[in-house]
Amino acid sequence: QVQLVESGGGLVQAGGSLRLSCAASGTMVSVNVMSWYRQAPGKQRELVATSTAPRRTNYADSVKGRFTISTDHTKNTVYLQMNSLKPEDTAVYYCNAKRPYIAEYDYWGQGTQVTVSS
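These figures come from a predicted structure and were not determined experimentally.

**Student:** Is there a simple way to think about the sheet that holds strand β8 (residues 77-82) in this case?
**Tutor:** The strand order across the open sheet formed by 4 strands is β1-β3-β8-β7, and the pairing between neighbours is antiparallel. Here the strands that pair on one side only, and so sit at the sheet edges, are β1 (3-7) and β7 (67-72). Within the sheet, the average angular offset between the axes of one strand and its neighbour, ignoring direction, is 15°. Sheet analysis places β7 next to β8, joined by 6 bridges and oriented antiparallel. Bridge pairing in β8 places Thr-68 opposite Gln-81.

**Student:** Would you explain the environment of Arg-45 in this entry?
**Tutor:** Secondary-structure assignment places Arg-45 in the loop between β4 (33-39) and β5 (46-52). According to the relative accessible area criterion, Arg-45 is partly exposed, its value standing at 34%. As for Arg-45 and Ala-103, which are separated by 58 residues in sequence, their C-alpha atoms are 19 Å apart. The contact partners of Arg-45, leaving out residues within four places of it in the chain, are Tyr-37, Arg-38, Gln-39, Tyr-94 and Trp-108.

**Student:** Would you mind going over unusual backbone geometry with me for this structure?
**Tutor:** Most of the time, phi is negative for any residue but glycine, and the peptide bond is trans. One non-glycine residue, Asn-76, lies in the positive phi region at around 50°. Within the fold, Asn-76 resides in the loop between β7 and β8. Positive phi values are uncommon outside glycine, yet Tyr-101 reaches one of about 70°. Residue position: Tyr-101 is located in the loop between β9 (91-99) and β10 (102-108). Overall, the relative accessible area of 87% leaves Tyr-101 in the exposed class.

**Student:** Honestly, the nonpolar core in this entry has me stumped. Any pointers?
**Tutor:** Across soluble globular proteins, you tend to see nonpolar side chains buried next to one another. Formed by 26 residues in total, the largest nonpolar core has its most connected members in Trp-36, Val-48, Phe-67, Leu-80, Met-82 and Tyr-93. Of all the elements in the fold, those that place two or more residues in this core are β3 (18-25), β4, β5, β7, β8, β9 and β11 (112-117). With sequence-adjacent residues up to four places away left out, Val-48 is seen in contact with Trp-36, Tyr-37, Arg-38, Asn-58, Tyr-59, Ala-60, Val-63, Phe-67, Leu-80 and Tyr-93.

What counts and how
- Residues numbered from 1 in each chain as written.
- Predicted model: local features only at pLDDT ≥ 70, side-chain atom pairs only at ≥ 80, totals over all residues.
- Heavy atoms only, no water.
- Pairing = 2+ DSSP bridges.
- Helix = DSSP H or I, 4+ residues; strand = E, 2+ residues; numbered from the N terminus.
- Axes fitted to C-alpha atoms, helices over the stretch in contact; angles between N-to-C directions.
- Buried < 20%, exposed > 50% of the residue type's maximum accessible area, 1.4 Å probe, protein only.
- Contact = heavy atoms within 4.5 Å.
- Core = buried A, V, L, I, M, F, W, Y, C linked by side-chain atoms within 4.5 Å.

The analysis is restricted to geometry; functional conclusions fall outside its scope.
Structure (structure tokens):
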């Protein structure tokens, strides 16, 4: 059974930093397409960052240069380092695991709240 458990969210002032963690079990982050999404109140869920084998990363334009996605294979964990946070980064952040060419392989964590005050 695949489980993704996010942690690290919280309240931070604008300009501050947070690091989100997504601990995976029942799957291996090293072979998955691992992504972070976010959903702000009243808005659709949007893709923030993706890490694919062999370690390519992609970012939404709104977070480029500020956020970094990384994986630790020994801990089977994915991280999202968020720097220079802005109030518009406020959202629930979700971890996602997919496998290429396997549409039904699509797992989500429960989400962690990030609130950035101005």
